[in-house]
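Residues per chain, in single letters:
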Amino acid sequence: MFNEVPELYDRVRPGYPDKLFADLVTVTGMDERSSVLEVGFGTGQAMRSLAALGCSVTAIEPGEEMAALARQRMTTFGNVEVETSTFEEWDDRGGRFDVLVAASSWHWGAPSIGWQRAHDVLCPGGWMALLGNVVVRRPGEPEVYAETADLVGGPGGLFGPTIVRWYPTVQWFNGDGFADHLRSLSLYRRLDRDVREPLLDAVAERICTRMGDRASRRYLSVLCVGQRAE
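Residues numbered from 1 in each chain as written. Predicted model: local features only at pLDDT ≥ 70, side-chain atom pairs only at ≥ 80, totals over all residues. Heavy atoms only, no water.

Caption draft 1: Spotlight on the sheet that holds strand 4 (residues 97-103). Within the open sheet, the seven strands sit side by side as 3-2-1-4-5-7-6. Their pairing is mixed. Since the sheet does not close on itself, it has two edges, and those belong to strand 3 (80-83) and strand 6 (163-173), each with one partner. Strand after strand, the sheet turns through a mean of 20° between neighbouring axes, direction not considered. (Pairing = 2+ DSSP bridges. Helix = DSSP H or I, 4+ residues; strand = E, 2+ residues; numbered from the N terminus. Axes fitted to C-alpha atoms, helices over the stretch in contact; angles between N-to-C directions.)

Caption draft 2: Main features of the packing of helix 7 (residues 175-183) against helix 9 (residues 193-210). Contact pair helix 7 / helix 9: the axes reach a minimum separation of 7 Å and the direction vectors enclose 145°. Pair helix 7 / helix 9 crosses with right-handed handedness. Taken together, the residues of helix 9 that come into contact with helix 7 (itself represented by Gly-175, Asp-176, Phe-178, Ala-179, Leu-182 and Arg-183) are Glu-197, Leu-200, Asp-201, Val-203, Ala-204 and Ile-207. When grouped by side-chain class, the residues that make up the contact of helix 7 with helix 9 number seven nonpolar, one polar and four charged. (Left-handed = near helix turned anticlockwise from the far one by under 90°. Contact = heavy atoms within 4.5 Å. Nonpolar A, V, L, I, M, F, W, Y, C, P; charged D, E, K, R; others polar.)

Caption draft 3: Highlighting the environment of Ser-85. Following the sequence through the fold, Ser-85 ends up in the loop between strand 3 and strand 4. Discounting residues that sit within four places of it in the chain, Ser-85 has contacts with Ile-60, Glu-61, Pro-62 and Trp-90. Within the structure, the side chain of Ser-85 is placed 3.3 Å from the backbone nitrogen of Trp-90, a separation counted as a polar contact. (Polar contact = N/O pair within 3.5 Å; in protein donor to acceptor, adjacent residues only side chain to side chain.)

Caption draft 4: Main features of the nonpolar core. Leu-24, Met-47 and Leu-131 are the most contacted members of the largest nonpolar core, which has 28 residues in total. For this core, the elements supplying multiple residues, two or more each, are helix 2 (18-28), helix 3 (45-52), strand 2 (56-60), helix 4 (64-73), strand 3, strand 4, strand 5 (122-135) and strand 7 (215-227). If near-sequence neighbours (up to four positions away) are discounted, Leu-131 is found in contact with Tyr-16, Leu-20, Phe-21, Val-101, Ala-102, Ala-103, Ser-104, Val-222 and Leu-223. The next biggest cluster of nonpolar side chains, apart from the first, holds 23 residues, and it includes Leu-37, Ala-102, Val-134 and Phe-159. (Core = buried A, V, L, I, M, F, W, Y, C linked by side-chain atoms within 4.5 Å. Buried < 20%, exposed > 50% of the residue type's maximum accessible area, 1.4 Å probe, protein only.)

Structure (structure tokens):
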């Protein structure tokens, strides 16, 4: 679905704040000696921040077009290895990692396989980190996902208590940009093109004429981290 429009996805989807990665380093103790596995890297938005930390990154993504774009964007980094595969079918070749990161991707996998596999590919004492962006309706209002995110950690006793951090962010668009953002969402990608495009053109026009050509999407960027249980 997203594999059809990798450039659009990369351009309009929100990234993750620097403070999130700083906290990830603090919690997990990541440094240049650490090995990181990123599952479902998409176009590499989080991967670029992980690579900039200097650690060794192995990244897997099932979408060939998205993986190809990420490879192009990561050519300046010598510490990243990109592979095209689902996590469930990926051949880890016996590799074990200090940290596993999944940025807005974990929900696409099979839970019955993924949690156990994550435990298996992590070193003793390793960490699993789930990153995501949740739309906020009103700034300052308690957000249910962030308030309950710690409850999803440790399935089956495979991981310890979940550490949760969240970071308010805002993304601004003009009318055309907001329409492009909607084009990157699964709800709209499922529509027939003949239905989707006139609808999104109308959205862009409405934002331009009634909202001064300026619209926002407010998010909580969420970091959930849990340590591998022995």
